Every structure is written in structure tokens, then in C-alpha cells.
Amino acid sequence: MSDKPEKVRVRYAPSPTGYPHVGNIRTALFNWLFARHCNGVFILRIEDTDVARTVEGAVDIIMNSLRWLGLDWDEGPYFQSQRLHIYREAAENLIKGGFAYRCYCSSERLAAMRQEQIKLKRPPGYDRHCRNLTSEQQTEMEGRGIVPVIRFKIPLEGQTIFNDLIRGDIVFENSTLDDFVLLKSDGYPTYHLANVIDDHLMEISHVMRAEEWVPSTPRHVLLYRAMGWQPPIFAHMPMILGTDRSKLSKRHGATSINEYQDAGYLPETLFNFLSLLGWSLDDKTEIMSRDEIIKKFSLERVSKTAAIFNKEKIDWMNGMYIRSLSPDEFAGKVIPFMEKALPLEIHRPLDESYIRSIAPLIQDRAKLLAEVPELTGFFFVDNLDYDAKLLLNKIEKPQAVQILQVVLAKLSIANTWSREMLEETIRPLTVEMNLKPGIFFGVIRVAVTGKTATPPLFETMEVLGKDRCIKRLTTALEKLTPV
RNA sequence: GGCGCAUUCGUCUAGCGGCCCAGGACGCCUCCCUCUCAAGGAGGAGAUCACCGGUUCGAAUCCGGUAUGCGCUACCA
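Residues numbered from 1 in each chain as written. Chains lettered and ligands numbered in written order. Predicted model: local features only at pLDDT ≥ 70, side-chain atom pairs only at ≥ 80, totals over all residues. Heavy atoms only, no water.

## Points about the packing of aromatic side chains
Two aromatic rings, taken as a pair, are described by how far apart their centres are and by the angle between their planes. Taken as a whole and assessed by the stated rule, the structure comprises 15 aromatic pairs. Ring plane angle 85° and centroid distance 5.8 Å describe the contact between W32 and F271, whose orientation is recorded as edge-to-face. With W32 in helix α1 (residues 22–37) and F271 in helix α9 (residues 267–275), the pair connects residues that are 239 residues apart, well separated along the chain. For the pair formed by W32 and F271, the shared burial category is buried. Ring centres of Y354 and F380 lie 5.5 Å apart, and the angle between their planes is 75°; on these two criteria the pair is classed as edge-to-face. With Y354 in helix α13 (residues 352–362) and F380 in the loop between α14 (372–376) and α15 (397–412), the pair connects residues that are 26 residues apart, well separated along the chain. The same class applies to Y354 and to F380, which are both buried. Put simply, the rings of Y260, Y265, F273 and F309 touch in pairs and so form one group of aromatic residues. Residue placement shows R290 over the ring face of F271; its charged tip is 4.2 Å from the ring centre. (Phe/Tyr/Trp six-rings, centres within 6.5 Å; stacked < 30°, edge-to-face > 60°. Helix = DSSP H or I, 4+ residues; strand = E, 2+ residues; numbered from the N terminus. Buried < 20%, exposed > 50% of the residue type's maximum accessible area, 1.4 Å probe, protein only. Lys NZ or Arg CZ within 6 Å of the ring centre and 35° of its normal.)

If you want it as C-alpha cells, here you go:
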């Protein structure tokens, strides 16, 4: 435990089966953090050994997700599908060394065996039917054209112990392990074989992966031993659970990292939030910069217990990061979301300088970039669509009409247009009419925005501009006094 | 069923034998600020530290058992 390897080399090894989900990315993040903290090497390795499950384009998606989060890799991507000869040769050597054997069992036989085991309440596992086949029997099977798999010979007795950096020593009875497949009949290695070989060949110092891998680690340790290799240091990360405490999956809502990107979470939010899922610095620090997290990250402070992804908290944190942006940065990030989600009738490309004037009004109010178009739609549309009743929310009709008329009269003769001018003009009117500002402004607000909750009135009107405001006030008046 | 891991406020967590009748954060509630909504500020409610034994002068912290949860149990990773 005390003697650290001279060079830290870790890897993120996803299988290209689709969009990486947050738990997976969290593992990538911890590996990356550890590498950067130790001045080590972060390697990207694609575990594409399941031909059936491999998804076209998934590798690009994975790489783009890493890039988006700012997780750069020093080596790779390596592809296991391009290294098949290595695994095959290793498997053959294992057979020669007496550590593995060919198995000719059909999937039908295996399925039947499994069913029987379950029926008899026996622990399911391969029954070692082919473990001691004679060479005559083997030749006969080959003659029948059966393509075998290669299985590992688990020692029948004894126990396998390994140390997990997070959990301490973990012990398994070898008798509870079955002879797992190393090489599939299609010539591809299983995860177990490829993973062990690559981690060794790539000189991985620490294997950091999710907790779900703990049960297969003794197999890996046995494999390292059979190969005559020194196993790496293992550290199994706590899992990320859905709100029902089960393994995070689609039915828990947004799980893949790109969904968070599309919803308008900032990469720094995900980076910070994910770093806190299973790791903590102390009893209070939560908002931390990327550099600070790298500097402070340590495996000693990774927790053992699975964590539930707390949506309310990541939303809060995203709001924090949005507010920490400069107005200009914020506007820049908002523009693509506007282009995408604002009603189609609004002319594209959108007026960027107009967006830049709107952005500061909404920055304190947005938790997600994707909600900004909805929040600011009224700045763009030609005709407001709202129920006239909104104008009479807290006031009787005659007064509302009077408010609109008075304001309209004052503003139409205005020759300047600024928030100060607007406030200096309108606020005194509330006194004259003896109305609470909240009520008075409320009528104007609805008239000018169609909504009851908006950014501050005068700043909003300033951005909207005189023409639009006058037109909307007039329209509101017409709504209340049909001709 | 077997094997493994885990168990502190609803959630994320701090705590590594006395500083803890348990601290912070999100969420929730109240108040302040205020033209609405936010943001911000100040308070508050919320955990018999899963349970039962043991070790100890002293346990959330160490040990054992029980329960519960989760994971694994494929020619998937």
C-alpha cells in the first residue's frame, strides 16, 4: 500500500455501445482526475470485443463527450478489435501452460444446464464438462466442425484474495468461481481476457472501475497469476443509482451525458457535480474549479457507498455556474439554444447584439440554458399571445384601462428611451393614481410581455425598445376596450 | 438460490474512540430585500448515526451477528 508505482498510468475503457451514461463518465472523470493529480498518463481504450453490441458512431460520441467535459487523453484510442491476434496467442499459451482448455459445449446445452441448476437451487456456473477432454474426444469434436471457446481453469480449491484501495481486502473462495470463457467462438476475447492483457501490456498501474466489477476481479487476479504477471492496484468506485436506488438506467430519465449537454448544463457543472458523486474534499467545500479539483483529488477520499443522482442539486449548481459567467460568455452560450428553440417564424440568423442585450436580464433567472428561449420568447415575437384576463389579474378593468392610457400618453411623446427615463416617467404615475407600484407595474408588464413573471420591467422595456412597447401597450388597450 | 459489497437528515456528504445529544450542501419552510419572477441575505424544521450484542472509563467511529439494499451470477461489458 505504501510503495507507489513510479508512474501512474490509468485508463478509461468504455465499450462502444451507445451514449456513455453519467456513471460511466464519472468513472472516466475519476481516472482522469487521478492521472492529472499524479502527473500520470490517461489512456483511452475502446473495448469493442462484442461485435453484436457495437454501435456505429459510438466511439465518436464517447470522444466528444470526453472533450466536452475537458477530459483529454494522452494515449489512444486503442481498439481491442485491432489487437485480436494478441489475445488469441495468449489464450493458446494459456492452454499450453495448462491454465485453459477448449470447450465444445453448445449454447443449448449450456442453457439447459443453467436451467437445471436454477431448478435445483444450485449456484449457476459452467459444469466443467469439457475440462478434461482427451485429445481423441477433442479431435472428434473438431471433426464435427464444432468451433470451441477457450475457458480458464479455475483452481478447484483455495481462495483468491485481492486488495481494493477503497474497500480493503476482499476474499473469494475459488470453489464459487466457474470456468469462464476467455476466447469466444468468433475469435474475439471476452472482457476478462482482453482487459487483463491490455492492462498489463499498457502498463496500467491502477485499475479504477465501477463497483459492479468487484465479483469478476478474482478471475482477473487468477489470470494475471497464470500469465506470470503482477496485477495492478484495484480501486472500485461506488455506483451511481437512480432515484429508486437501482442501477441507473433509461427509465430514470436523463442518463447519458449528451442529454445534459442538450438540456443546457455547462460542462463545468457536470465536472464539478460528478466529482462530488463519490468523492468529497471536506465537510463544506462544494463549488470548486477544475484546477482545484485536480489539485485536491485523492482516492483516499472516495467513498464506499453508492450515490443517488440528485437532480435538484445539479440544477442548483448549474445556476451557480451560469451566474458566474460573464454576461458576454453567457450570451455566447445562449445563442445556439435560441437558434434551436425559438419559434421558426422568427427570422434567422438571430440578431446577436439583441440577444446580448437580453442575456443579462435572464442570467440570474436561468438554471438551464435550454430554458432561456422559453423565458425570453416575448422579446422576439411580433404578436404576444396572452389572455386579456391576465391584465386584470389584480385590478378592475376601468383602472387597467386608465393605466394603459396614461402610460401610453406619456411614453408616446418620449424622445429618449432608457430604464432610468422609463422609471422616472412611470413611477410617479403610481402615486398620482394612488396605486401600489406592484399592481400598476403588473398591468404594464403583462401588456408589454404577455407574462406575469419577467425580468425587471424598465430594463425589459428598455431592451424591447420604444416601438415595440408602444405597439404592445396599444394592443393591450384594444384587448380591454374592443371597438 | 450462491457469492460479494454497502448501511449518518428526503438526497449528496463531513466524521477515521472523547472536540458530535452529529457539521455542511441541495430541496423544503419563515423572514428581509423588492415592480413580478429570480438572485442575494438571515433564520428554521429535518438523522434515537439500520438493528442487536460485545470491546472500552468512553463508540456514529473497533469487533461479531441480524436485517435491509444494491451488484454479480452470459461465448455482454
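## Considering the protein's contact with RNA strand B
Looking at RNA strand B, there are 65 residues lining it, with K184, E286, R365, R445 and T454 nearest. Within 4 Å of the protein, the contacting atoms of RNA strand B are 73% sugar and phosphate, with bases supplying the remainder. Between L276 and RNA strand B, the recorded distance is 3.5 Å, taken from a backbone N or O atom to a sugar or linking oxygen. K313 places a main-chain nitrogen or oxygen 3.1 Å from a sugar or linking oxygen of RNA strand B. Secondary-structure elements contributing two or more residues to the surface near RNA strand B are α4 (107–119), β5 (149–152), β7 (168–173), β12 (307–308), α11 (311–324) and α17 (437–449). Broken down by element, the surface near RNA strand B gets its largest block of residues, five residues, from α11. Tallied by class, residues from the surface near RNA strand B come to 27 nonpolar, 12 polar and 26 charged. (Near = heavy atom within 4 Å. Polar contact = N/O pair within 3.5 Å; in protein donor to acceptor, adjacent residues only side chain to side chain. Nonpolar A, V, L, I, M, F, W, Y, C, P; charged D, E, K, R; others polar.)

## Overview of the sheet that holds strand β1 (residues 9–12)
A sheet is described by the order of its strands in space; here three strands give the open sequence β1-β2-β3, paired in parallel fashion. Of all strands in the sheet, those with a lone pairing partner are β1 and β3 (75–79), marking the two edges. When the angles between neighbouring strand axes are averaged without regard to direction, this sheet yields 25°. Relative to β3, strand β2 (residues 41–46) runs parallel, the two sharing three bridges. Bridging from a neighbouring strand, I46 pairs with F79 of β3. (Pairing = 2+ DSSP bridges. Axes fitted to C-alpha atoms, helices over the stretch in contact; angles between N-to-C directions.)

## Remarks on unusual backbone geometry
Of the consecutive residues G76 and P77, the connecting peptide bond is found in the cis state with omega at 5°. Tracing the chain through its elements places P77 in strand β3. Residue R348 is joined to P349 through a cis peptide bond whose omega torsion reads -10°. As for its placement among the helices and strands, P349 is situated in the loop between α12 (327–341) and α13. Positioned with a positive phi, R245 is a non-glycine residue whose angle comes to about 70°. Topologically, R245 is positioned in the loop between β11 (240–241) and α8 (257–263). Here the phi dihedral of N434 falls at roughly 55°; this positive angle occurs in a residue that is not glycine. Looking at the secondary structure, you find N434 in the loop between α16 (419–432) and α17.

## Overview of a nonpolar patch on the surface
On the surface, I287, W316 and M320 cluster together into a nonpolar patch covering about 240 Å² of accessible area. By the secondary structure assignment, I287 is in the loop between α9 and α10 (290–296). Classification of I287 by relative accessible area gives partly exposed; the value is 36%. (Patch = residues over 30% accessible without salt bridge, like charges linked within 9 Å, V, L, I, M, F, W, Y side chains within 5 Å. Areas by Shrake-Rupley, 256 points an atom, 1.4 Å probe, with all protein chains shown as cover. Salt bridge = Lys/Arg side-chain N within 4 Å of Asp/Glu carboxyl O.)

## Here's the deal with the packing of helix α6 (residues 191–201) against helix α7 (residues 217–227)
Interhelical geometry of α6 versus α7 gives an angle of 55° and a closest axis separation of 10 Å. In terms of their interaxial angle, α6 and α7 are classed as oblique. Helix-helix and strand crossings are classified by hand; for α6 and α7 the assignment is right-handed. In this structure, α6 contributes Y191, H192, L193, N195, V196, I197, D199 and H200 to the contact, and α7 contributes R219, H220, L223, Y224 and M227. In terms of residue class, the contact of α6 with α7 is built from seven nonpolar, four polar and two charged. (Parallel < 35°, antiparallel > 145°, perpendicular 65-115°, else oblique. Left-handed = near helix turned anticlockwise from the far one by under 90°. Contact = heavy atoms within 4.5 Å.)

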